[in-house]
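If you want the building blocks of each chain, they are given just below.
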Amino acid sequence: MDTLIVHVLNALLYASVMFLIAGGLSLIYGVMRIVNLAHGNLYAFGAYVTAWAVGRALGTATEASVWMYALLPVGALAAAGLGALLEPTLLRPLYRRAEEYQLLITFGLLLILEDLMRLIWGPYPLQASALYEGLGSLTFGESIYPTYNLVVIVIGGVAAAGLWAFVYRTQFGVVLRATSQNMRMAAALGVNVNRVYVQAFTLGCFMAGLGGSVIVPQQGAVLGMGVDALILAFVVVVIGGLGSLEGALIGALMVGFVREAGITFFPEIELAVLYLMAAGVLMIRPAGILGRA
Amino acid sequence: MTGPPRRVLAWSAPVLLALIVLPFVVPPYQTVLLTYGLVFAIAALGFNLLLGYTGLLSFGHSAYFGMGAYAVAFTVKYLKLESMEAFLLSGILASGAVAALFGLLCVRYTKIFFGILTMALSQVLWSLAFKFFWVTGGSDGLRVPTPTLLGGFVRAGSDKFEFLSHRYYFYVLAVFVVCTALMWVIVHSPFGKALQAIRDNETRAEFVGVQVWHYRWVAFLISGIFTGLAGALWVPLNGLTTPDILHWTFSGKMVFFTVLGGFQTFFGPIVGAIIFNYLETYAVGHTVYWQMVLGIVLVVLVLALPAGIVGTVRRFAVRPVKAA
């Protein structure tokens, strides 16, 4: 029973981070119809910035003070800032062009960002484990579980709820959804589409960065983490439906639980099963479980 | 069926002559580099049958390249063969089988769904190659010895580099010429015209009786086999096959060099593959930030030269003729 709870918590932890990354990816696709191949790098960027900030704050100390947990959003804000910079400069000239070029430019961006992080932070992994260890662990029954993981799960849940409220309960959300459904009509009704695009892209990048920020105390920041995360985020959005936030949530939960089961029971084909799941869903319902074609 | 127009023959003949003379003039290292370029050019030819002629952007062609390469490695490991012809055959069979299956699943979709589906399927192969290390060697990969050419008639001497830069170069060049001619025939055949009709207007093509689904599948199969053949030719050069060539970022590179050369032209992908190979090699040799160099080139390319190298050159070269 205890081990079951640990497995479920691990799956939820994984699902939380995946939702943050994939939710951002899906939001950007839903509004702008762009598949951002560099999205994983924004997640990695968030992780690096938070790890760097925590490292600076710690200095020579080994234990984290309470205020340092306030540094967690720094990476998310940095990723949002980067997104706000990238959309108008690199993506905006391409909206009228064929899809191929949009994919390619984000692939170029992926290569650039990957090396930019190597340039800034060097080839070695960055750690922020002081935040992870600082919270200790909980014991239930025979099992011990790190408290920090629970914090990540809560942040994931809060982010999902916040995003839902933002998209469905605010004026901005209405404009966002209107642009997503019919960009030309929204523009004709006086919506500043350029502004909506940059806001949506920034919000999507913020979520990816938040995913990186919250997971970095547990996993550390390494080069290549973005590329790996991107593919799994693809699996999530493909399962749930490209452009659907609820779909991203369902997809993230499915991927979280399948992955946890895979690591426990079939480690060799764990990744293959995830990719096959995505391929299978695409074949049966190309638009995903909750997507609209 | 019409042969290539005189204009194409007029400049491709001297280019071919130059390629034949080259190994006797330049240092062996340059020849080996060019061999890599030619191998990628074969992959690009295959890839562009889908992108340029059928209008389908695959982000999973690493699967067929990798299958070609791993088929060779398995031929060595399990069948103990060392003949290059056996390598090519196994590469063609393996990549053809995978392309036939994946194609069956993918060709019902277009645009971004096609791209993601091909990518997801290629990642399945990558993760299998990565995890089943007792079969595939995992991230260490599998070693492949220098093969014998032409049914054991031509063998590698003691100097492997000399073999690669001369005998193997000419072998690759011959396969490359055959592949290019074959692809030329394919895209200029009624079948090729049908593919272009599908690309330009799927509904109309279907209306005039083109079986869209069937044509796309055949194009997918041919494309996969060309790419797999390139993978089989690549392994002896590299001496080793690792899961990296199955990873989706390698597919991204294939898209990169096809667009670099210009995917709306027949020869563009060939030029793009060869130039990309030089670009990557020199960037890797000169800076640890080579990915950034490639990324910047790609971004500038997309923003400023979307027609690619050949497309841009042709636009400027052809305009005065039109005006005259």
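Residues numbered from 1 in each chain as written. Chains lettered and ligands numbered in written order. Predicted model: local features only at pLDDT ≥ 70, side-chain atom pairs only at ≥ 80, totals over all residues.

A. Just the overall build of chain B, in detail. When its secondary structure is counted, chain B shows 14 helices and two strands. Its C-alpha atoms give chain B a radius of gyration of 19 Å, near enough to 20 Å, the size a compact globule of 324 residues would have. Along the first, second and third principal axes, the C-alpha atoms of chain B reach 55 × 45 × 45 Å. Counted over contacts in chain B with a minimum sequence separation of 6, partners at least 24 positions apart contribute 77%. (Helix = DSSP H or I, 4+ residues; strand = E, 2+ residues; numbered from the N terminus. Rg over C-alpha atoms; globule rule 2.2 N^0.38 Å. Contact = placed C-beta atoms within 7 Å.)

B. Region of the structure containing the interface of chain A and chain B. Contact residues are listed per partner, giving 34 residues for chain A and 33 residues for chain B. Put simply, the parts of the chain that give the side of chain A that touches chain B at least two residues each are helix H4 (99-121), helix H10 (225-240) and helix H12 (270-284) of chain A. In terms of residue count, H4 of chain A provides more of the side of chain A that touches chain B than any other element does, 16 residues in total. Across the side of chain A that touches chain B, the residue classes tally to 27 nonpolar, one polar and six charged. (Nonpolar A, V, L, I, M, F, W, Y, C, P; charged D, E, K, R; others polar.)

C. Structural view of the environment of Gly-240 of chain A. Residues and elements named next belong to chain A. Topologically, Gly-240 is positioned in helix H10. Along the backbone, Gly-240 and Leu-290 are 50 residues apart, and their C-alpha atoms lie at a distance of 5.7 Å. Not counting residues up to four positions away in its chain, the partners in contact with Gly-240 are Gly-247, Ala-248, Ile-250, Gly-251, Gly-288, Ile-289 and Leu-290.

D. Just unusual backbone geometry, in detail. The residue Arg-33 of chain A is not glycine, and still its phi comes out positive at about 60 degrees. Along the chain, the position of Arg-33 of chain A falls in the loop between helix H1 (2-32) and helix H2 (39-58). Phi at Lys-80 of chain B is positive, roughly 55 degrees, even though this residue is not glycine. For Lys-80 of chain B, the location among the structural elements is in the loop between helix H3 (62-79) and helix H4 (84-106). Judged by the 7 C-beta atoms lying within 10 Å of it, Lys-80 of chain B is exposed. (Buried ≥ 20, exposed ≤ 12 C-beta atoms within 10 Å, placed from the backbone.)

E. Broad picture of the pairing of strand E2 (residues 143-146) of chain A. Residue and element names in this part refer to chain A. Bridge count for strand E1 (residues 137-140) against E2 is four bridges, and the pairing is antiparallel. Among the inter-strand pairings, Thr-139 is bridged to a residue of E2, identified as Ile-144. Connecting E1 to the next strand, E2, in antiparallel fashion are two residues, including Gly-141 with a positive phi near 60 degrees. (Pairing = 2+ DSSP bridges.)

F. Geometry of the environment of Thr-287 of chain B. Mapped onto the elements, Thr-287 of chain B comes out in the loop between helix H12 (268-286) and helix H13 (290-304). Taking the C-alpha atoms as reference points, Thr-287 of chain B and Gly-252 of chain B, 35 residues apart in sequence, are found 21 Å from one another.

G. Quick look at helix H1 (residues 6-25) of chain B. With 20 residues, H1 of chain B extends 29 Å between its outermost C-alpha atoms, agreeing within 8% with the 28 Å of an ideal straight helix rising 1.5 Å per residue. Maximum bend of H1 of chain B: about 25 degrees, positioned at Leu-19 of chain B, with proline Pro-23 of chain B one to four residues after it. (Expected span 1.5 Å × (residues − 1). Bend = angle between axes of the 7 residues up to and from the residue.)

H. Summary view of the packing of H10 of chain A against helix H11 (residues 245-265) of chain A. Residues and elements named next belong to chain A. Look at H10 against H11: their axes get within 7 Å of each other, and the N-to-C directions meet at 120 degrees. Here H11 runs oblique to H10, going by the angle between their axes. Remark: the crossing between H10 and H11 carries right-handed chirality. For the pair H10 and H11, contact is made by Leu-232, Val-235, Val-236, Val-237, Ile-239 and Gly-240 and by Gly-247, Ala-248, Ile-250, Gly-251, Ala-252, Met-254 and Val-255, respectively. Among the residues forming the contact of H10 with H11, the class breakdown is ten nonpolar, three polar and no charged. (Axes fitted to C-alpha atoms, helices over the stretch in contact; angles between N-to-C directions. Parallel < 35°, antiparallel > 145°, perpendicular 65-115°, else oblique. Left-handed = near helix turned anticlockwise from the far one by under 90°.)

I. Up close: the environment of Phe-226 of chain B. Topologically, Phe-226 of chain B is positioned in helix H10 (residues 212-238). Between the C-alpha atom of Phe-226 of chain B and that of Cys-179 of chain B, which follows or precedes it by 47 residues, the distance is 7.7 Å.

J. Representation of the confidence of the model for chain B in the model. All names here are of chain B. Taken over all residues, the pLDDT of chain B has a mean of 85, while the share at 70 or more is 95%. The secondary structure element of chain B with the lowest average pLDDT is helix H14 (residues 308-323), at 69, and the one with the highest is H10, at 91. Here the predicted complex scores 0.87 on pTM and 0.84 on ipTM. (pLDDT = per-residue confidence, 0-100.)

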